[in-house]
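Examining the three-dimensional arrangement
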Amino acid sequence: MADDDAPRPLRPREPRPLIVHWAIDAAVVFLLTVVVAIFLGAALITIAIAAVIAGVFLAPWTRSLEARGLARRAEQAGNPTSSDTQ
């Protein structure tokens, strides 16, 4: 790929707020467990409460993963000689 055809690097940004991670993590946990939990006879409200609680514990971890990924992306944008150009 010629240098003129290379895509522009994405702009640097901060990780999304913790509340966003909490909401997404809770939704993912809910969707992953709802079918099995209902099959086992759990109430929908119980599943939702468990998902919200799990989201509280998962949100800091997923936010730190996003921060690491964004830092790696910014580092690679500053280093034009990456592994795919060698």
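These remarks concern the structure in this document. All of these numbers come straight from a predicted model, not from anything done at the bench.

**Brief notes about the overall build of the protein chain**
From N to C terminus, the protein chain includes 2 helices and 0 strands. Within the protein chain, buried positions represent 16% of all 86 residues.

**So, helix H1 (residues 18-39)**
The terminal C-alpha atoms of H1 lie 32 Å apart, and with 22 residues this matches the ideal 32 Å at 1.5 Å per residue to within 8%. Of all the bends in H1, the largest measures some 45° and sits at Thr-33. Where H1 is buried, its residues contact helix H2 (44-78). Phi for Gly-41, located one or two positions after H1, is positive at around 95°.

**Focus: H2**
Since the α-helix advances by 3.6 residues per turn, residues separated by three or four positions end up pointing in the same direction. When the terminal C-alpha atoms of H2 are compared, their 48 Å separation across 35 residues agrees well with the 51 Å that a helix rising 1.5 Å per residue should span. Along its length, H2 reaches its greatest deviation from straightness, about 40°, at Leu-58, and the proline Pro-60 lies no more than four positions downstream. At its buried positions, H2 is contacted by H1.

**Some remarks on the pattern of salt bridges**
In the structure shown here, the tally under the stated rule is 2 salt bridges. Residue Glu-66 is joined to Arg-13 by a salt bridge in which the shortest nitrogen-to-oxygen separation is 3.0 Å. On the criterion of sequence distance, the pair formed by Glu-66 in helix H2 and Arg-13 in the segment before H1 is long-range, its members being 53 residues apart. One continuous salt-bridge network, built from bridges that share partners, spans Arg-13, Arg-16 and Glu-66.

**Digging into the environment of Gln-76**
Topologically, Gln-76 is positioned in helix H2. Taking the relative accessible area as the measure of exposure, Gln-76 reaches 49% and is therefore partly exposed. Residues Gln-76 and Pro-9, 67 residues apart in the sequence, show an inter-C-alpha distance of 8.9 Å.

Scoring rules and cut-offs
Residues numbered from 1 in each chain as written. Predicted model: local features only at pLDDT ≥ 70, side-chain atom pairs only at ≥ 80, totals over all residues. Heavy atoms only, no water. Helix = DSSP H or I, 4+ residues; strand = E, 2+ residues; numbered from the N terminus. Buried < 20%, exposed > 50% of the residue type's maximum accessible area, 1.4 Å probe, protein only. Expected span 1.5 Å × (residues − 1). Bend = angle between axes of the 7 residues up to and from the residue. Contact = heavy atoms within 4.5 Å. Salt bridge = Lys/Arg side-chain N within 4 Å of Asp/Glu carboxyl O.

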